[in-house]
Amino acid sequence: MNIVFINASIFDGSGAVPFSGELRVENNRITEVATYPSVVPHGDAHIIDCQGKVLMPGLVEAHAHLTWPTSVERFVPGMYLPPEDLALTAARNARILLDHGFTSAYSAGALSKTLEIKLAEHIETGGLPGPRLVPSSIEREPPNETELDPGQVMDQLRGADGMRKFVSDCAKLGAKSVKFLISGESALKPGASHELLYTEQELMAAGEQARIDHVWLTGHAHAAEAVKLGVLSGFRVLYHCTYADDEALDLLESRRDSIFVAPTIGIVQATLDTTPPPHFDMAHMKADAAIVMEHQKALVPKLRARGIRLLPGGDYGFPYNPNGRNAWDLELWVQQLGYTPCEVLHAATALGGQLMGLGDELGLLKKGYLADILLVDGDPTKDVRILQDKQRLVAVMKDGRFHKAPGMLQ
Ligand SMILES: [Zn+2]
């Protein structure tokens, strides 16, 4: 069915303010966009009168964890579920992200070797509702004793050959992205953010293998050295980059056309905000989060000034930072990182399309682009908080099909 949206206020993802106009969708593509007084061909299309509401590209979550169990619909104390429950929970989380306007998600690691890969297949064939998904391997870190660390791998091999084998095994299973914790995480183990978890030789081997197997590398990197090695070994996405020094910034800038950075402040603010139950001492986590937030506030303007592509995405899925709250990141970027609503929406849509590897066909409302479209009651370019309320999403379209059609209650 062909669809024409009329009387729309169109935020096209470029970062420009909305304009009044019309947009035509045929099959799964946008075929025409017009600014009034021009119009698009109506022909036999189903007409949707937007009554001045805002039409915008679907959102992209750059740091998704669909297997992290907690969502806005279901609180799970802790991180681990039996395999059957984990599979159903991940499928449910995929639907929840789409309900909330996220038509694409780039995984930052899974709690299962194959679950996200299978989930992506079920979503692509239309059987399950969910965002376009770049599925990840299990989150890879070296062997360790703590139970707090998510994603311990069965295949605990070290050394260059172990890294090559891990990347190659993930690629064979169908992962598109392979996640490594290049540095540790102080929220889990005090001081660990400053520790490198792999040697240069190991990371270089992982990078070489990833290029051979055509998978992307995604890295958790707080320490400056972790950022540098991540860039040098060919990681495509680096999360956090909290303690990047000038040398790390120079390196990131030198690869700015092929690398993405997601500061991931949602989890940081959530850690600061939450009141844990009495038996759960979060004192050191909160102290670390306060330091990280101050660093991010100083770091992000420097990264932007160097033209490095930054994306919202906040590690949602923890008990105090549920899947489904992902659009909260946009508000935090405006409040804490100095972005205007238009700027952060550009990052979450147009830059998101590039992150998904579909930069010339996803993330903009533009002729020829994939029809991932939201119709919003209210103007998020004036108040980005509107996107946190799924009731304000009048329509959610992914790949030319309505997940939520106008008039549908949810
Ligand atoms: Zn994460």
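Everything numeric in this text was worked out from a predicted model, so none of it was measured. (Residues numbered from 1 in each chain as written. Predicted model: local features only at pLDDT ≥ 70, side-chain atom pairs only at ≥ 80, totals over all residues.)

## What about the packing of helix α1 (residues 83-99) against helix α2 (residues 115-124)?
Note the threshold: Orientation is described by axes fitted as lines to C-alpha atoms, over the contacting stretch for helices, and by angles from 0 to 180 degrees between their N-to-C directions. Helix and strand definitions follow DSSP, with helices as H or I runs of at least four residues and strands as E runs of at least two, each counted in order from the N terminus. Orientation labels follow simple angle bins: below 35 degrees gives roughly parallel, above 145 gives roughly antiparallel, 65 to 115 gives roughly perpendicular, and whatever is left gives oblique. Here a crossing is called left-handed whenever its near helix is offset anticlockwise from the far helix by less than a right angle, and right-handed whenever the offset is clockwise. Once C-beta atoms are placed from the backbone, any two residues with those atoms within 7 Å are in contact.
Between α1 and α2, the shortest axis-to-axis distance is 11 Å and the interhelical angle comes to 50 degrees. Our classification of the angle between α1 and α2 gives oblique. In the crossing of α1 with α2, the sense of the turn from one axis to the other is right-handed. Residues L86, A87, A90, A91 and A94 of α1 pack against L115, L119 and I123 of α2.

## Quick notes on the domain arrangement of the protein
Defined as follows: Boundary definitions for the domains trace back to an automatic or database domain assignment. Residue polarity follows a fixed list, in which Ala, Val, Leu, Ile, Met, Phe, Trp, Tyr, Cys and Pro are nonpolar, Asp, Glu, Lys and Arg are charged, and the others, Gly among them, are polar.
Domain annotation of the protein identifies domain 1 (3-57 + 361-404) and domain 2 (59-326). The interface of domain 1 with domain 2 comprises 10 residues on the first partner and 8 residues on the second. Among the elements that make up the side of domain 1 that touches domain 2, the one with the highest residue count is strand β15 (residues 393-398) (3 residues). Looking at the side of domain 1 that touches domain 2, its residues break down into 5 nonpolar, 2 polar and 3 charged.

## Overview of the pairing of strand β9 (residues 177-181)
Filter applied, for reference: Here the C-beta atoms are placed from the backbone, and a residue counts as buried if at least 20 other C-beta atoms lie within 10 Å of its own, exposed if 12 or fewer do, and partly exposed otherwise. By convention, a crossover is right-handed whenever its connection, traced from the first strand over the helix to the second and viewed with the strands pointing away, goes clockwise.
With respect to burial, β9 is a largely interior element, 5 of its 5 residues being buried. By the alternation rule, side chains of β9 split into S177, K179 and L181 and V178 and F180, which are all buried. In this region the chain leaves β9, passes through helix α4 (residues 200-213) and returns to the parallel neighbour strand β10 (residues 216-221); the handedness of that crossover is right-handed.

## Brief notes about α4
Quick reminder of the rule: To estimate the expected span of a helix, count its residues, drop one, and scale the result by 1.5 Å. Of all possible arcs, the one meant is that of the directions from the helix axis to the C-beta atoms.
Helix length check: α4, at 14 residues, gives a terminal C-alpha distance of 20 Å against a target of 20 Å (1.5 Å per residue), a fit within 8%. Three or more residues of α4 are buried, namely E202, L203, A205, A206, Q209 and A210. An end-on view of α4 places all buried positions within 155 degrees of arc, on one side of the element. Away from its buried face by more than 90 degrees, α4 exposes Q201, R211 and I212.

## Considering helix α9 (residues 328-336)
Every buried residue of α9 is accounted for by W328, D329, L330, E331, L332 and W333. The first or second residue beyond α9 is G338, which carries a positive phi of 80 degrees.

## Details of the nonpolar core
A general trend in soluble globular proteins is that nonpolar side chains are found buried together. The condition that has to hold: Here, a nonpolar core denotes buried Ala, Val, Leu, Ile, Met, Phe, Trp, Tyr and Cys residues that are linked to one another through C-beta atoms within 7 Å.
Of all hydrophobic cores here, the largest spans 129 residues; its most connected members are L23, L55 and V227. Excluding residues that lie within four positions of it along the chain, L23 makes contacts with F5, A8, I10, I30, V33, V40, L55 and L365.

## With respect to the packing of helix α7 (residues 266-273) against helix α8 (residues 283-305)
Close contact between α7 and α8 brings their axes to 9 Å; oriented N to C, the two are set at 135 degrees. Accordingly, the angle class assigned to the pair α7 and α8 is oblique. Note on packing geometry: the crossing formed by α7 with α8 is left-handed. Across the interface between the two elements, V268, Q269, T271 and L272 of α7 pack against M285, K286, A289, A290, V292 and M293 of α8. Per-class residue counts for the contact of α7 with α8 are 7 nonpolar, 2 polar and 1 charged.

## A few points about the pairing of β15
To be explicit about the condition: One requirement defines pairing of two strands: DSSP has to find at least two bridges between them.
Of all 6 residues that make up β15, 6 are buried, and the element is covered over most of its length. Bridge count for strand β14 (residues 373-376) against β15 is 4 bridges, and the pairing is antiparallel. The residue bridging L374 from the neighbouring strand is V396, located in β15. By the bridge criterion, 3 bridges tie β15 to strand β16 (residues 401-404) in an arrangement that is antiparallel. Counterpart to V396 in the pairing with β16 is K404.

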